[in-house]
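Descriptive analysis of the structure
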Amino acid sequence: MINSLKRFSTTVRSELFKIIVLVGLAGVLAVTANALRTDRLAWFGYQTVARTNPAILTVADVVHAYYADNAYLVDVRASDAFYKAHLAASIHLPSNDFQTNFEMVFEKLPAEGMLILYGDDHDLEAPEKVRQLLLARGFRAEDVAVFEAGWEALSKQKEISVISGADDE
C-alpha cells in the first residue's frame, strides 16, 4: 500500500511538472507571437474604442483621447482649407501633397500615441490615403485611425480650440 502511494505521488509530481512546462511554453509562444504581430494585443486592461475599432470613432472618443494626451489630431485637408481654419493642436499633413510634406512633418509626429486623421466632412478618401502611406512607412495599424465625420464635427466642439486664418496673422 505504501509503495503504491509513493508511485502515485511520484506520478502526480511528474505529471504536474509536465503541465507546468507546457503552460510555461505556451506563455513564451504567446508573448513571441504577440511581439511579431503588427497589431499587438493589450496584455492588461482594455484598449480604448479608438484603438480597438478605428472605423467607429465618435466625436466623444476623439475628444476623450485628445484630453487623455494619448492622441494627436492630424488634419489631412488641403493647405488652403487648413489655413482658413484648423484645430489649434492639429498637425497638418495634407493628403494632396503628402510626399513633399511628410519629411517636414515627420519630426512633429509622435513616436507613441494614437494619430487620428481627419479630412473634410465625411471624406474618407483623403484620410485613408494618408493612413495607408503612414502604415507603409512603419506606423502601426492600431496607432493610426480615421475619424469619419471630419473637420466640421470636430470644429463644433467647444472642448477643442479652432484657429481661423485671421487669428494666425
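Residues numbered from 1 in each chain as written. Predicted model: local features only at pLDDT ≥ 70, side-chain atom pairs only at ≥ 80, totals over all residues. Heavy atoms only, no water.

**A short note on a nonpolar patch on the surface**
A grouping of V12, L16, I19 and V23 is seen on the molecular surface, where their side chains present a nonpolar patch of about 350 Å² in accessible area. You can see V23 is positioned in helix α1 (residues 2–36). (Patch = residues over 30% accessible without salt bridge, like charges linked within 9 Å, V, L, I, M, F, W, Y side chains within 5 Å. Areas by Shrake-Rupley, 256 points an atom, 1.4 Å probe, with all protein chains shown as cover. Salt bridge = Lys/Arg side-chain N within 4 Å of Asp/Glu carboxyl O. Helix = DSSP H or I, 4+ residues; strand = E, 2+ residues; numbered from the N terminus.)

**Overview of the environment of P110**
As for its placement among the helices and strands, P110 is situated in the loop between α5 (98–106) and β4 (114–118). For P110 and Y72, which are 38 residues apart along the polypeptide, the C-alpha to C-alpha distance reads 7.9 Å.

**Regarding the side chain of H92**
Relative to the elements of secondary structure, H92 occurs in strand β3 (residues 91–92). On the basis of relative accessible area, H92 is assigned to the buried category, the value being 13%. Looking at H92, its side chain comes within polar contact range of the main-chain oxygen of R77, at 3.0 Å. Apart from the residues within four sequence positions on either side, H92 is in contact with D75, R77, A78, S79, F82, Y83 and V105. (Buried < 20%, exposed > 50% of the residue type's maximum accessible area, 1.4 Å probe, protein only. Polar contact = N/O pair within 3.5 Å; in protein donor to acceptor, adjacent residues only side chain to side chain. Contact = heavy atoms within 4.5 Å.)

**Remarks on the packing of α5 against helix α6 (residues 125–136)**
Running from amino to carboxyl end, α5 crosses α6 at an angle of 55 degrees, the nearest separation of the two axes being 12 Å. One finds that α5 runs oblique with respect to α6. Our pair here, α5 against α6, has a crossing hand that is right-handed. Facing α5, whose interface residues are F98, Q99 and F102, α6 presents V130, L133 and L134. Residues that form the contact of α5 with α6 fall into these classes: five nonpolar, one polar and no charged. (Axes fitted to C-alpha atoms, helices over the stretch in contact; angles between N-to-C directions. Parallel < 35°, antiparallel > 145°, perpendicular 65-115°, else oblique. Left-handed = near helix turned anticlockwise from the far one by under 90°. Nonpolar A, V, L, I, M, F, W, Y, C, P; charged D, E, K, R; others polar.)

**Quick look at the packing of aromatic side chains**
For the coordinates displayed, the defined rule picks out one aromatic pair. For the ring pair F82 and Y83, a centre distance of 5.3 Å and an interplane angle of 80 degrees mean the geometry is edge-to-face. For the cation-ring pair, R77 lies above W151, with the distance from its terminal atom to the ring centre recorded as 4.1 Å. (Phe/Tyr/Trp six-rings, centres within 6.5 Å; stacked < 30°, edge-to-face > 60°. Lys NZ or Arg CZ within 6 Å of the ring centre and 35° of its normal.)

**Quick word on the confidence of the model for the protein**
Residues with a pLDDT of 70 or more make up 82% of the protein, whose mean pLDDT is 78. Helix α2 (residues 49–52) is the least confidently modelled element of the protein, averaging 40 in pLDDT, while strand β2 (residues 85–87) averages 91, the highest of any element. (pLDDT = per-residue confidence, 0-100.)

**Digging into the pattern of salt bridges**
Scanning all chains against the criterion turns up six salt bridges. Where E152 meets K156, a salt bridge forms, and the shortest distance between an N and an O atom there is 2.9 Å. For K156, a relative accessible area of 58% puts it in the exposed group.

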